[in-house]
Amino acid sequence: MKPLLSSLRRCFEGAVPAVIATCDENAMPNVAYLSQVHYIDEEHVALSFQFFNTTRKNILINPTATILLVDPVTAEHYHLHISYLRTISEGPLFESMKARLAGIASHSGMSDVFRLKGSDIYRVQSIEQVPGTSPPCAEPLAPSLLPVLRRSIERLGACQDLSSLLADALACLAQEFDIQHAMVLMLDAAGHKLYTVASRGYLHSGVGSEIGLGEGIIGVAACEGVPIRIGHCATEYLYSCAVRESYLQNNASSDLERSIPLPGLAKSGSQIAVPILHGKQLIAVLYAESPEEMRFSWDDEDALVALSHYLALAIKSLERCSDLAVEPATRKPMSKSGSKTVDVCFYRTDQSVFINNEYMIKGVAGAILWKLVRDHSALGRDEFTNRELRRDNSLHLPDIVDNLEARLILLQRRLAERCNALAIEKIGRGRFRLRVAGPLQLREAAG
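None of these values were measured; they are calculated from a predicted model.

**Q** Outline the environment of Ala 406, listing residues and values.
**A** Relative to the helices and strands, Ala 406 is located in helix α10 (residues 404-418). Relative accessible area serves as the criterion here: at 1%, Ala 406 is assigned to the buried category. The spatial distance from the C-alpha of Ala 406 to the C-alpha of Tyr 195 is 9.6 Å, given a sequence separation of 211 residues. The residues contacting Ala 406, other than those within four sequence positions of it, are Leu 162, Met 186, Tyr 195 and Val 197.

As structure tokens, then:
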């Protein structure tokens, strides 16, 4: 029985580079390594077109070739006999290959070399296993991820707010998928960035850390709207180091006190970034990594993409529900005689907030915190709703993707980690309370 192309998807990972053999018009053979072999369906594959080299010249003259694939687990060898159909330079397939290649390049420092010019589409004419490469014993089948996915979705379906949804999603990755290091980054549409709102498995949570669209596999997956999976990193590369170096190059070093390092493993062997999309609208990115090389398989990618679609629907549903709360009544401020004064300084240029001279948060979350402390100080309020924040034009929330609930979670967790003087606690659907340990001293500063 001849193997199906889908049964060879593990061979397309790149752990063992594929080899392509072509011939020119005089039947002179040429053999070369391939950067990418991309599985399309049971009858088609795509090869990356990066250089106008001998292989490319031969294919345009003689559109038939043979690819040698090696299974990285069993060491079985396969020949794919293929014929060239066309080259594409746009569309979902091209964007997927470009994103994966860009993600690899961002980690290897070879962005100028790994630049995709096109995706060459080939029809697979036949598949044959190379004799003598079968393993002596049949490989045990990997357990199905469908029960894992089902249990995870059932658990997430019981979540009543975004905070528990994100926490339970990361818990499911750890307990059901055995993915111990993961984070969720929400889109800040106005700033063209992603910010970390939840993480698990790291020494520091990194809540509030940012990464730009197009940076590394997280930013590229977000920008292109396709999942990216890398299982054989050539270099040990920390995202937090990369972001810090970029920040140093483009900003004054004194501003580093307002940057939060992105969490990450010191030695990351595998990474996967999956965009959380509602239709074509980007909401967030689910990112996971492992110190083990080749940790994430095609099945893992399929399962995490399915999970991300459920998360997108759940996030949108919870956003609608969070606006149902009624406006709270204004209450008189509680007496805090004898308590230490809490100094809150607001910088309007980047909406950053310092509490007792320690950087806390910036951007929209900073503007929200500034509104809360001002209302508390001037009006004696300590209860607020999501609805009133959405209606406050001074916060400049985006019209389409405001992610208000995520920004409140970010603010709540950042205060819990870094501040003893202020706290935010949820008191109901779409309602929360600001707790203040002492009298507030508010001031605005330039710069």
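**Q** Outline the packing of aromatic side chains, listing residues and values.
**A** Counted according to the given criterion, the structure contains 7 aromatic pairs. Residues Phe 346 and Trp 370 carry aromatic rings whose centres are separated by 5.0 Å and whose planes lie at 5° to one another, so their mutual orientation is stacked. One end of the pair, Phe 346, is in strand β14 (residues 342-347); the other, Trp 370, is in helix α8 (residues 363-379), with 24 residues separating them in the sequence. Judged by its relative accessible area of 2%, Phe 346 is buried. Members of the aromatic cluster, joined through ring pairs, are Phe 12, Tyr 39 and Trp 298. Over the aromatic face of Tyr 39 sits the side chain of Arg 9, whose NZ or CZ is 5.8 Å from the ring centroid. Directly above the aromatic system of Trp 298 lies the positively charged group of Arg 229, at a separation of 4.8 Å from the ring centroid.

**Q** Requested: an account of helix α5 (residues 216-224), with residues and values cited.
**A** Most of α5 sits inside the fold, with 7 of its 9 residues counted as buried. All of the buried residues along α5 are Gly 216, Ile 217, Ile 218, Gly 219, Val 220, Ala 221 and Ala 222. Looking one or two places after α5, you find Gly 225, whose phi comes out positive at around 70°.

**Q** Tell me about helix α4 (residues 162-175), residues and numbers included.
**A** The end-to-end C-alpha separation of α4 is 20 Å, in line with the 20 Å expected for 14 residues at 1.5 Å each. Burial analysis of α4 places 10 of its 14 residues in the buried class, the great majority of the element. Taken as a whole, α4 has its buried residues at Leu 162, Leu 165, Leu 166, Asp 168, Ala 169, Leu 170, Ala 171, Cys 172, Leu 173 and Ala 174. Check the buried side of α4 and you find it contacts α3 (146-156), β8 (181-188), β9 (193-200), β13 (281-290), α7 (298-321) and α10. Among the residues of α4, the N-terminal cap falls to Asp 161, whose side-chain oxygen and the backbone nitrogen of Ser 163 are separated by 3.2 Å.

**Q** Give me the lowdown on the sheet that holds strand β6 (residues 77-88), citing residues and values where you can.
**A** Taken in spatial order, the 7 strands line up as β2-β1-β5-β6-β7-β4-β3 in an open sheet, and their pairing is antiparallel. Of all strands in the sheet, those bounded by a partner on one side alone are β2 (29-33) and β3 (37-41). For this sheet the average axis-to-axis angle between neighbouring strands, irrespective of direction, equals 35°. Along the sheet, helix α1 (residues 54-61) makes contact with β1 (19-23), β2, β4 (44-49), β5 (64-70), β6 and β7 (118-129), crossing β1 at roughly 50°.

**Q** Explain the side chain of Asp 300 residue by residue, including any values.
**A** Take Asp 300: it is sitting in helix α7. For Asp 300, the side chain forms a polar contact with the main-chain nitrogen of Ser 297, separated by 2.9 Å. Setting aside anything within four residues of it in sequence, one finds Asp 300 in contact with Leu 145 and Arg 295.

**Q** Go over the sheet that holds strand β18 (residues 422-428) with me, naming the residues and quoting the values.
**A** Taken together, 3 strands build an open sheet; the order of strands is β17-β19-β18 and the sheet is antiparallel. With one partner strand each, in any of the chains shown, β17 (383-385) and β18 form the two edges of the open sheet. Each strand of the sheet is rotated relative to its neighbour by a mean of 30°, with strand direction disregarded. As judged from the 3 bridges shared by β17 and strand β19 (residues 431-436), these two strands associate in the antiparallel manner. Paired with Thr 385 across the two strands is Arg 431, which belongs to β19. Of the strands in this sheet, β17, β18 and β19 are in contact with α8, which crosses β19 at around 70°. Contacts between α10 and the sheet are confined to β18 and β19, with β18 contributing the most and set at about 135° to the helix.

**Q** With reference to specific residues and values, describe the pairing of β14.
**A** Of all 6 residues in β14, 6 are buried, a share of seventy percent or more. By the alternation rule, side chains of β14 split into Val 342, Val 344 and Phe 346 and Asp 343, Cys 345 and Tyr 347, which are all buried. Bridging between β14 and strand β20 (residues 440-445) involves 6 bridges; their strand directions are parallel. Across the sheet, residue Val 342 finds its bridge partner in β20, namely Leu 440. Relative to strand β15 (residues 352-355), β14 runs antiparallel, the two sharing 4 bridges. Looking across to β15, one finds that Tyr 347 is bridged to Ser 352. Counting the residues in the hairpin turn of β14 and β15 gives 4 residues, including Gln 351, whose phi is positive at 55°.

**Q** With reference to specific residues and values, describe the packing of α3 against α7.
**A** One way to put it is that α3 packs onto α7 with a least axis distance of 11 Å and a crossing angle of 15°. The angle between α3 and α7 falls in the class roughly parallel. When the axes of α3 and α7 are compared, the crossing they make is right-handed. Across the interface between the two elements, Leu 149, Ser 152, Ile 153 and Leu 156 of α3 pack against Ala 303, Ala 306, Leu 307, Tyr 310 and Leu 311 of α7. Of the residues assigned to the contact of α3 with α7, the class counts are 8 nonpolar, 1 polar and no charged.

Rules and cut-offs
- The written sequence of each chain sets the order in which its residues are numbered from 1.
- Local features in this predicted model are restricted to residues of pLDDT 70 or higher, and side-chain atom pairs are both shown and tallied only at a pLDDT of 80 or more, whereas totals for entire chains, interfaces and linings draw on every residue.
- Just so you know, side-chain values use all the structure's heavy atoms and leave hydrogens and water out.
- Here a helix means four or more residues in a row that DSSP labels H or I, a strand means two or more in a row labelled E, and each is numbered from the N terminus.
- When a residue's accessible area, from a 1.4 Å probe over protein chains only, is under 20% of the maximum for its type it is buried; when over 50% it is exposed; and in between it is partly exposed.
- Contacts between residues were defined by any pair of non-hydrogen atoms, one from each residue, lying within 4.5 Å.
- When the centres of two rings from Phe, Tyr and Trp lie within 6.5 Å, Trp using its six-membered ring, the rings pair. Their planes under 30 degrees apart give stacked, over 60 give edge-to-face, and anything left gives tilted.
- Sitting over a ring, as applied to charges here, requires NZ of Lys or CZ of Arg to be within 6 Å of the ring centre and within 35 degrees of the ring normal.
- Residue count minus one, scaled by 1.5 Å, sets the expected span of a helix.
- Polar contact is the term for a pair of N or O atoms within 3.5 Å; when the atoms are in protein, one must be able to donate a hydrogen and the other to accept it, and sequence-neighboring residues count only if both atoms are side-chain atoms.
- The pairing criterion is simple: DSSP has to find at least two bridges between the two strands.
- Angles shown run from 0 to 180 degrees and are taken between the N-to-C directions of axes, each axis being a line fitted to C-alpha atoms and, for helices, limited to the stretch in contact.
- Between 65 and 115 degrees an angle is taken as roughly perpendicular, under 35 as roughly parallel, over 145 as roughly antiparallel, and anywhere else as oblique.
- Handedness of a crossing is defined here by the sense of rotation of the near helix relative to the far one, left-handed for an anticlockwise turn of less than a right angle and right-handed for a clockwise turn.
- Residues were grouped as follows: Ala, Val, Leu, Ile, Met, Phe, Trp, Tyr, Cys and Pro as nonpolar; Asp, Glu, Lys and Arg as charged; and all remaining residues, including Gly, as polar.

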